[in-house]
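# Tertiary structure, described
What follows is the residue order along each chain.
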Amino acid sequence: MYENLTYEVADPIATITLNRPERLNALTGPLLEELARAIGEAENDPAVVAILLTGAGRGFCAGADMDGLKSTADSDGGPVTRQLEQLPGDVAMGDDFSVTYGYLLRVRKPILAAINGACAGLGFAIAMLCDLRFAAEGAKFTTAFANRGLVAEHGVSWMLPRLIGPANALDLLWSGRKFLADEAQQLGVVNRVYPADSLLDESRAYLEMLAANSAPNSLRSIKAQVYRHLNMGLGDSMRETNDLMAESLQHEDFKEGVNSYLERRPPKFERVP
């Protein structure tokens, strides 16, 4: 089904592994289309509560394949990747989250990037558009755009300042300097750093914890709230939250959450596609 990545489901996690290790999982048009398709498959599978994205071999993703960039530089400068079609995710999030890789923010399920090695360029941008990022010790990061005569691509100029502040974002984007996982954690580029041989186990354990303790409907709603509200004023976001809270108080998940707490047992929340 997939030629450039592997897709595995082990309840409650779908693991998507970019699988071009000989090229440090550099991105091509076919790989990007397969990634969108795999994300959509996980999105629509009720057995999947969360999605784990990682890379095969020594790298997470070295960015756009340089052979593709060379052909683009030699042409009329057309886009490296075309607008993806039939993007997965919640269409109610609106047009802002429907442009190329912005679809990762509108996917209703949590996406955790397990950054096992080199993370550069477009691979860096995609990692920033995941919901959480765990990194292996020694993993190397670079934005690289300015060093190739490019601009900050595909949403990274929107997301990175929100993660680490404008000045830190400009430093990384202007210089294209390389930095390692420990500095990435200090800056807020990644959430956690683990030894390389335990990164995937720790990442899966976190997602399994979410699936065991948090209602999938709540995970979905909270993700949409966080990203939608980045574009809204306080009053509008509060009014929307009040409406969502009123709905959630009538949901079976709320009753199960209260009952499981009072009965001192793990909750049994409804799975959702």
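See above for the structure.
Here's what I pulled together on the structure shown here. Values in this document were obtained by computation on a predicted structure and should not be read as measured data.

Cut-off values and rules
- Residues numbered from 1 in each chain as written.
- Predicted model: local features only at pLDDT ≥ 70, side-chain atom pairs only at ≥ 80, totals over all residues.
- Heavy atoms only, no water.
- Helix = DSSP H or I, 4+ residues; strand = E, 2+ residues; numbered from the N terminus.
- Buried < 20%, exposed > 50% of the residue type's maximum accessible area, 1.4 Å probe, protein only.
- Lys, Arg positive; Asp, Glu negative; His and termini not counted.
- Salt bridge = Lys/Arg side-chain N within 4 Å of Asp/Glu carboxyl O.
- Polar contact = N/O pair within 3.5 Å; in protein donor to acceptor, adjacent residues only side chain to side chain.
- Contact = heavy atoms within 4.5 Å.
- Phe/Tyr/Trp six-rings, centres within 6.5 Å; stacked < 30°, edge-to-face > 60°.
- Axes fitted to C-alpha atoms, helices over the stretch in contact; angles between N-to-C directions.
- Parallel < 35°, antiparallel > 145°, perpendicular 65-115°, else oblique.
- Left-handed = near helix turned anticlockwise from the far one by under 90°.
- Nonpolar A, V, L, I, M, F, W, Y, C, P; charged D, E, K, R; others polar.

Within the secondary structure, aspartate 253 sits in helix 11 (residues 252–262). At 9.3 Å, arginine 220 is the nearest oppositely charged side chain to aspartate 253, a buried residue that forms no salt bridge. Within the structure, the side chain of aspartate 253 is placed 3.2 Å from the side chain of asparagine 217, a separation counted as a polar contact. Once residues within four sequence positions are removed from consideration, aspartate 253 is found in contact with Ala215, Asn217, Phe269 and Glu270.

Under the counting rule described, the total for this entry stands at 12 salt bridges. Linking aspartate 11 and arginine 271 is a salt bridge whose minimum nitrogen-to-oxygen distance equals 3.0 Å. You can see aspartate 11 sitting in the loop between strand 1 (5–10) and strand 2 (13–18) and its partner arginine 271 sitting in the segment after helix 11, a full 260 residues away along the chain. Lysine 255 serves as the salt-bridge partner of glutamate 252, at 3.3 Å between the closest nitrogen and oxygen. In this pair, glutamate 252 and lysine 255 both sit in helix 11, 3 residues apart, roughly one turn of the helix. With relative accessibility at 51%, the residue glutamate 252 sits in the exposed group.

Within this structure, the stated rule accounts for 5 aromatic pairs. Note on tyrosine 2 and tyrosine 7: the rings are 6.0 Å apart at their centroids and 45 degrees apart in plane angle, and the pair reads as tilted. Among the residues examined, tyrosine 2 registers a relative accessible area of 16% and is labelled buried. A residue is classified by how much of its surface remains accessible, and tyrosine 7, at 17% relative accessible area, is buried. Between phenylalanine 124 and phenylalanine 179 the ring centres are 6.5 Å apart and the planes differ by 80 degrees, which places this aromatic pair in the edge-to-face class. Of this pair, phenylalanine 124 sits in helix 4 (residues 121–128) while phenylalanine 179 sits in strand 9 (residues 179–180); the two residues are 55 residues apart in sequence, bridging distant segments of the chain.

Closest axis-to-axis distance for the helix 5 (residues 156–164)/helix 6 (residues 166–175) pair is 7 Å, and the angle between their directions is 130 degrees. The angle between helix 5 and helix 6 places the two elements in the oblique class. As helix 5 runs across helix 6, the sense of the crossing is right-handed. Here helix 5 contributes Val156, Leu160, Pro161 and Ile164 to the contact with helix 6, which in turn contributes Pro166, Asn168, Ala169, Leu172 and Leu173. Of the residues assigned to the contact of helix 5 with helix 6, the class counts are 8 nonpolar, 1 polar and no charged.

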